[in-house]
Amino acid sequence: EMLNLLRDSKIYLDQNLTLFKMAKMLGVQPNHLSQVINSHQKQNFFNYINSFRIEEVKTILNSKDIKTYHCWELLLNVDLTQKHRLTELLRKKQV
C-alpha cells in the first residue's frame, strides 16, 4: 500500500511530506511506518523519500520534456532545492 501511494500519487513531490503525514494517509502509526521503512528498505524515512525524488529527476532528465525545464525548476519540482542536500543525495546514489 505504501509503495502504491508513493508511485501512483507521487506524494514524495510534496515539499511538506513528513513521516506523520504519510502515516496518516496510510492509516498507520508513524512509529510503525518508520519501522517498516527501516526494516524493509534499510534506510530512514527521509532517505527513502529522497530516493523517489532522485528517481523522478532521472526520469525527467531522460524524457523528451527535459527541454521545457530549467534546472532550478526541475529541482523545485522534486523538492531538492537545498544545495547541500542535493549534493549529498547525488553522491550517495552516484547518479
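Computed from a predicted structure; not experimentally measured.

Each value, and the rule that gives it
- Residues numbered from 1 in each chain as written.
- Predicted model: local features only at pLDDT ≥ 70, side-chain atom pairs only at ≥ 80, totals over all residues.
- Heavy atoms only, no water.
- Salt bridge = Lys/Arg side-chain N within 4 Å of Asp/Glu carboxyl O.
- Helix = DSSP H or I, 4+ residues; strand = E, 2+ residues; numbered from the N terminus.
- Buried < 20%, exposed > 50% of the residue type's maximum accessible area, 1.4 Å probe, protein only.
- Core = buried A, V, L, I, M, F, W, Y, C linked by side-chain atoms within 4.5 Å.
- Contact = heavy atoms within 4.5 Å.
- Phe/Tyr/Trp six-rings, centres within 6.5 Å; stacked < 30°, edge-to-face > 60°.
- Polar contact = N/O pair within 3.5 Å; in protein donor to acceptor, adjacent residues only side chain to side chain.
- Expected span 1.5 Å × (residues − 1).
- Arc of directions from axis to C-beta.

**Q** Describe the pattern of salt bridges, listing the residues and the values that go with them.
**A** On inspection of all chains with the given rule, the structure shows two salt bridges. Across the salt bridge formed by lysine 10 and glutamate 56, the nearest N and O atoms sit 3.3 Å from each other. Here lysine 10, found in the loop between α1 (2–9) and α2 (19–26), pairs with glutamate 56, found in helix α4 (residues 45–61); they are 46 residues apart in sequence, far enough to count as distant. Here lysine 10 falls in the partly exposed class, since its relative accessible area comes to 34%. For the salt bridge of lysine 21 with aspartate 14, the shortest nitrogen-to-oxygen distance reads 2.6 Å. On the basis of relative accessible area, lysine 21 is assigned to the partly exposed category, the value being 32%.

**Q** Quick rundown of the nonpolar core? Include the residues and the values.
**A** Core analysis: the largest hydrophobic core is formed by 16 residues, its most contacted members being Met2, Leu6, Met22, Leu33, Phe45, Tyr48 and Ile49. The set of elements that each furnish at least two residues to this core consists of α1, α2, α3 (30–41) and α4. Apart from residues lying up to four places away in sequence, leucine 6 is in contact with Ile11, Tyr12, Met22, Tyr48, Ile49 and Phe52.

**Q** Residues and numbers for the packing of aromatic side chains, please.
**A** Taken as a whole and assessed by the stated rule, the structure comprises three aromatic pairs. Where phenylalanine 45 meets phenylalanine 46, the ring centres are 5.2 Å apart and the plane angle is 75°; that geometry is what we call edge-to-face. On the basis of relative accessible area, phenylalanine 45 is assigned to the buried category, the value being 5%. Taken together, the aromatic side chains of Tyr12, Tyr48 and Phe52 make up a single cluster linked through ring pairs.

**Q** Quick one: what's the story with the side chain of arginine 53, residue by residue and with numbers?
**A** Among the secondary structure elements, arginine 53 is positioned in helix α4. Overall, arginine 53 belongs to the buried group, its relative accessible area being 4%. A polar contact of 3.2 Å, which involves the side chain of arginine 53, links it to the backbone oxygen of aspartate 14.

**Q** Go over the environment of valine 28 with me, naming the residues and quoting the values.
**A** In this fold, valine 28 is placed in the loop between α2 and α3. Residues contacting valine 28, with those up to four places away along its chain left out, are Ala23 and Leu33.

**Q** Kindly report on α3, identifying the contributing residues and their values.
**A** With 12 residues, α3 should reach 16 Å at 1.5 Å per residue; the first-to-last C-alpha distance of 16 Å fits that figure. Of the positions making up α3, those classed as buried are Pro30, Leu33 and Ile37. Buried residues of α3, seen end-on, are gathered within an arc of 65° and therefore sit on one face of the element. Exposed and facing more than 90 degrees away from the buried side of α3 are Asn31 and Gln35.

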